[in-house]
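If you want the building blocks of each chain, they are given just below.
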Amino acid sequence: METISSTYHIPFVIFSILIAIIASFAALDLGIRIHKAKRSARHAWLAGGAFAMGMGIWSMHFVAMLAFHLPISVTYQLSTVVYSIVPALLASWLALYIISRPIMRKPHVFIGATFIATGVVSMHYIGMEAMVMGATIEYNPYLWALSAIIAYVVSLVALLLLFSVKQNASSPRIMLRKLGSSLVMGLAISGMHYTGMAAATFKHDHAHIVSDLTFDTKLLAYLIGFGILFILGLAFISTFIDRRFESQMMMSEKRFRSVVESAHDAIILADHNRTIISCNKGAHLIFGYEEQELIGEGLHRIFPERFIAAHQERLESFLATGEANELGMTYELLGLRKDQSEFPIELSLAVWKEEESPCFSCIIRDISERKRTEEKINRMVYRDPLTGLPNRLLLNDRLELALDQAHENQQSMGIMFIDLDRFKFINDTLGHAMGDKLLIEVAKRFEACIGKGDTVSRQGGDEFIILWAHTTADEMIKNANKIVRIFSQSFTILEHELFVTPSIGISLYPSDGSDIETLIKNADTAMYRVKEQGKNNFQFYTPEMNVAVTKKMQMEIGLRKALERNEFKVFYQPQIDVNSGKITGAEALIRWQHPNWGPISPADFIPLAEETGLIIPIGEWVLNEACRQNKEWQKQGYEPFRIAVNISSRQFKQSNLIDMVSKALDESGLDHQYLELELTESIIQDSKYAIETMHKLKAMGIFLSIDDFGTGYSSLNYLKLFPIDSLKIDQSFTRNMFEDAKDAALVHTIISMAHNLDLKVIAEGVETKEQLQFLLLKECNEAQGYLFSRPLPAQEMTGIIKQQYTFGKQ
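A. A look at the overall build of the protein. Scanning the protein from terminus to terminus reveals 28 helices and 30 strands. Looking at the protein as a whole, 46% of its 810 residues qualify as buried. Excluding contacts between residues fewer than 6 apart, the proportion of contacts in the protein whose partners are at least 24 apart in sequence is 69%. Summed over all atoms, the accessible surface of the protein reaches about 41,400 Å², with 56% contributed by carbon and sulfur.

B. Layout of the pattern of salt bridges. Inspection of the entire model under this criterion finds 27 salt bridges. Among the salt bridges present, the one from K371 reaches E374, with a minimum N-O distance of 3.8 Å. Taken together, the residues span about one helical turn, with K371 and E374 both in helix α11 (residues 368-382) at a distance of three residues. By relative accessible area, which is 29% here, K371 ends up partly exposed. For E556, the salt bridge goes to R560, with nearest N and O atoms at 3.0 Å. Taken together, the positions of E556 and R560, both in helix α17 (residues 543-562) and four residues apart, correspond to about one turn of that helix. Ionic contacts of the salt-bridge type, sharing partners, join the residues E332, E346, R370, K371 and E374 into one network.

C. Spatial organisation of the sheet that holds strand β1 (residues 3-4). The strand order across the open sheet built from three strands is β1-β7-β6, with neighbouring strands paired in antiparallel fashion. Of all the strands in the sheet, the pair left with one neighbour each is β1 and β6 (135-139). Looking at chain direction, β6 and strand β7 (residues 200-204) are connected through five bridges and run antiparallel. Within the sheet, the bridge partner assigned to Y139 lies in β7 and is A200.

D. Structural context of the nonpolar core. Formed by 73 residues in total, the largest nonpolar core has its most connected members in V661, L675, L677 and L727. Looking at which element gives the most residues to this core, the answer is helix α19 (residues 615-635), with seven residues. The contacts of L675, once residues within four sequence positions are left out, are L623, C627, I643, V645, V661, L665, I702 and F703. If you look at the next biggest cluster of nonpolar residues, it comprises 43 residues, including Y76, V81, M128 and Y194.

E. A look at the side chain of N391. In this fold, N391 is placed in the loop between α11 and α12 (392-409). Look at N391 and you get buried, because its relative accessible area is 15%. Those residues in contact with N391 that lie beyond four places of it in its chain are V381, Y382, R383, D384, S457 and R458.

F. Structural context of a nonpolar patch on the surface. Where nonpolar side chains cluster on the molecular surface, the patch consists of L146, I149, V153, V157 and V184 and spans about 380 Å² of accessible area. Ranked by residue count, the leading element in the nonpolar patch is helix α5 (residues 141-167), at four residues. Mapped onto the fold, V184 is located in helix α6 (residues 174-198). Of the residues examined, V184 reaches a relative accessible area of 44% and is grouped as partly exposed.

G. Highlighting the pairing of strand β26 (residues 703-709). Along β26, six of the seven residues are buried, which leaves the element largely enclosed by surrounding structure. For strand β25 (residues 675-680) and β26, the ladder comprises five bridges, and the chain directions are parallel. In the strand pairing of β26, E676 is matched with F703. The sheet contact formed by β26 and strand β27 (residues 726-729) spans three bridges and is parallel. Bridge pairing in β27 places F709 opposite I729.

H. Quick peek at a negative patch on the surface. Where like charges cluster on the molecular surface, the negative patch consists of D397, E400, D404 and E408. As for its placement among the helices and strands, D404 is situated in helix α12.

I. Main features of the packing of aromatic side chains. Counting across every chain of the model gives 11 aromatic pairs. Centroid distance F446 to F487: 5.1 Å. Interplanar angle 45 degrees. Geometry classified as tilted. Of this pair, F446 sits in helix α14 (residues 432-449) while F487 sits in the loop between α15 (473-486) and β17 (491-493), placing them 41 residues apart in sequence. As far as burial versus exposure is concerned, F446 and F487 are alike and both buried. Between F568 and W621, the aromatic rings sit 6.3 Å apart at their centres with planes inclined by 45 degrees, giving tilted as the arrangement.

J. Region of interest: the sheet that holds strand β15 (residues 455-460). Taken in spatial order, the five strands line up as β15-β16-β14-β19-β20 in an open sheet, and their pairing is mixed. Two strands lie at the open edges of the sheet, namely β15 and β20 (538-540), each paired on one side alone. Between one strand axis and the next, the sheet turns by 20 degrees as a mean value, whatever way the strands run. Here strand β19 (residues 501-509) runs beside β20; their pairing, made up of three bridges, is parallel. Bridge assignment links G505 to a residue of β20, and that residue is Q539. Contacting β14 (413-421), β16 (463-468), β19 and β20, α15 runs over the sheet at an angle of about 165 degrees to β19. Of the strands in this sheet, β14, β16, β19 and β20 are in contact with helix α16 (residues 516-532), which crosses β19 at around 145 degrees.

Here is what the cut-offs are and how they apply
- Residues numbered from 1 in each chain as written.
- Predicted model: local features only at pLDDT ≥ 70, side-chain atom pairs only at ≥ 80, totals over all residues.
- Heavy atoms only, no water.
- Helix = DSSP H or I, 4+ residues; strand = E, 2+ residues; numbered from the N terminus.
- Buried < 20%, exposed > 50% of the residue type's maximum accessible area, 1.4 Å probe, protein only.
- Contact = heavy atoms within 4.5 Å.
- Areas by Shrake-Rupley, 256 points an atom, 1.4 Å probe, with all protein chains shown as cover.
- Salt bridge = Lys/Arg side-chain N within 4 Å of Asp/Glu carboxyl O.
- Pairing = 2+ DSSP bridges.
- Core = buried A, V, L, I, M, F, W, Y, C linked by side-chain atoms within 4.5 Å.
- Patch = residues over 30% accessible without salt bridge, like charges linked within 9 Å, V, L, I, M, F, W, Y side chains within 5 Å.
- Lys, Arg positive; Asp, Glu negative; His and termini not counted.
- Charge placed at Lys NZ, Arg CZ, Asp CG, Glu CD.
- Phe/Tyr/Trp six-rings, centres within 6.5 Å; stacked < 30°, edge-to-face > 60°.
- Axes fitted to C-alpha atoms, helices over the stretch in contact; angles between N-to-C directions.

What follows is the structure, given as structure tokens:
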């Protein structure tokens, strides 16, 4: 058969190449749009882009086919022409789908290029089959293979160019890159088509059959060309509009990002899988991670493992409503830094929907400083500043809670009111700094004794309260014994070995009270009973204690008013020389005549006066009255003698003791030698300044004696160091001399020792002649007691003095 020669219509050739270049440019631009689009928008751009790109490639092919001219009549079968569009569309969709993925791996590129090339080749040769003419087509296998190879290379290059342009979409030279790439792609696509056409040889076939569905017009080429250019133009306009919107969004996002980046709080965005998709510099400052270290990681990366399940549960609960919440929720928990250190954070969580999937925004604030401030304020408000123990305010809060629980569950609870024995002595002798250190160590021991649900509180000074929740009387006994036992061990502070013991009062709910105030008051009452019974022990509250406390309180009130109401009187008990029987002195003894209660024993009110500090004004009044009365007797012409006045430990420790004694002597006019001050062994032992004070008194010419000698715990070394003049044997030894041989031996020993030290001895409590004879035999100097006279008011004492004075003159 005769081979038919062919020619090309050059304007159509150029037009086809131009369409290929424009279609390639549109494909590159659409690739960027698809990459930036989200979910449903991405699918729309992918479908529209595939249609525009596919129709562009197909129209280039069809226009190029129309540019091909044969000397015979050529028409095209419409159905086959339409069918040839399908491979072009599929190839374009596949190309855009591959480059729209975040990562394009090598296998994807080569496999995709194979399918795209197959689609392009199929489009070309199906289009060739649409030709209806009086000729047959034969293909050169080498050129046919070359066209397929070109199609594959074109597809591979197109994918790489599309991906390259997509990756550099934000590059300032992206337009030049797109123009260059579209030119290469357009020429390559055209080259493939014309290579395929070159592979075809047309030969006459006189058995030509004309199809009914054909068309033959060059105007169609222009219509198709300009039509597809219109479609591509629409695509360009769409991308332009989208780019304008994107530019505005980018500007808004830029502003938003600048705000986000300037925030000191961490702002973290996560997708529906709780995978972090964005974070700001605040996240780096707070958690220590670089941005690239967090992107793609789960939210659980920034939380301790033990909180992950709870956090996940909260998120699920938050999403269960199915509503996006702009304000979200805020709660506090612990965060986890890169170095695995935990710290407190405040998390504000919000949810929004993106493509029908929930996304999360987390605003995270490091609240370490706030927590430290809160803790500091809490310690200032609720904690004792010295020991760190709960103070009264916090104790009351916990007591209220414990009472409510005990009432609701019908359980008992216990209160211990604890006072430290001998703490004041340590504080006075070693200083407040040492006392503070001791209190800190005491607090640690108390804390070691209590359980998790119990509370130990410092009330102030050396007073503590322990709340025992859910306890019984038996358990309280065990706890009290444990505290007493643990305090039997000494404290070593700054090389000082110190001992303090606890006096513990116990009250139980509900038997000893149903409210906080009553329980504490009753425990306090029981504690004072322990003090009265020897200290270093514990005592449960009993209702009878309230009677004693009430009486004690009334006595204290009356004691404060007694001086003002002149209810006190000074009685005098004569002191007798056992050899001559003459009065050598008298001891001034206070008596209290209450208008309602009658006479009150000094054994009842003196300890209370010591405890309350009232002994100081009372003691000063007794000293002044005794000096005045002794001087009065001298003014009446009686023979002078010493008046003995007891000095309490609290008086002796007063800094103005010397001034007070001098004032009493000066105001009364009594000569110093006629005043005797009786000091107890406890005064000498407990006072740091005892020796210095006693020497000052001695230098004034005042007679000093140790009262109740033998009942204290002082060393006999004091007798050598202190400037004393006499010893007074306590009446407990004198009264039992004939019942207990040891007491008689002690009296003999004290007298002998005193004489050896050149001290006088006076025995108290002499009531029988046998006792007096024993004292005479042992060479005791003086005696006082009911054998000679009971304590007498001044008027009666004057009569005895007068009688002795008259008898002496005879």
